[in-house]
Amino acid sequence: MAQQVNISELSLPQLEVLKNQLDQEVEFLSSSIAQLKVVQTKYVEAKDCLSVLNKSNEGKELLVPLSSSMYVPGKLSNVDNVLIDVGTGYYVEKSVDDARDFFKRKIDFLTKQMEKIQPALQEKHAMKQAVIEMMSQKIQQLTAAGASQAAATKA
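On a predicted model such as this, the values are computed, not experimentally measured, just so you know.

Caption draft 1: Expanded view of the overall build of the chain. Along the chain, the regular secondary structure elements total two helices and four strands. Secondary structure elements of the chain occur, N-terminal to C-terminal, as α-β-β-β-β-α. Over its C-alpha atoms the chain spans a radius of gyration of 28 Å, topping by over 25% the 15 Å that the globule rule assigns to 155 residues. For the chain, the spread of C-alpha atoms along the principal axes amounts to about 95 × 35 × 25 Å. When contacts within the chain are restricted to residue pairs at least 6 apart in sequence, those whose partners lie at least 24 apart make up 56%. Here the chain has roughly 11400 Å² of accessible surface; of this, 57% comes from carbon and sulfur atoms. Charged side chains of the chain number 18 positive and 19 negative; the gap between the two group centres comes to 2 Å.

Calculation notes
Residues numbered from 1 in each chain as written. Predicted model: local features only at pLDDT ≥ 70, side-chain atom pairs only at ≥ 80, totals over all residues. Heavy atoms only, no water. Helix = DSSP H or I, 4+ residues; strand = E, 2+ residues; numbered from the N terminus. Rg over C-alpha atoms; globule rule 2.2 N^0.38 Å. Contact = heavy atoms within 4.5 Å. Areas by Shrake-Rupley, 256 points an atom, 1.4 Å probe, with all protein chains shown as cover. Lys, Arg positive; Asp, Glu negative; His and termini not counted. Charge placed at Lys NZ, Arg CZ, Asp CG, Glu CD.

Right, dumping it as structure tokens:
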């Protein structure tokens, strides 16, 4: 368990080290949330695409992507089942309803993960702000002490 330290007792260089550490932690947590949002968006888009799979669209022509910029013509022959990428090159065939449930579970899981990270990120932001304010106070104290010493030596 982390031990608590009163930041007012730390020296300016120690505060600088703490601030840099908090910067890294904030960056890591922000990056983690951003990555989770990207994945969540992909699942939301995949779930939304399932709405196209209905009997009225069966047999219709469509473009099948081979890459991000290359497509081939195709026909929608099966609107009852889809193949879902479940990771590491594995695909599972599911009915459209099962696929919709799968994507909903994944979206909900990612939402919960982001909700767990968000308070930690806010806490790190607050800690960083407190460190910055303490650094500012210490710098002002050092500046004031230096000015009063300079005035005392002139007198």
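Still more ground to cover, so stick around.
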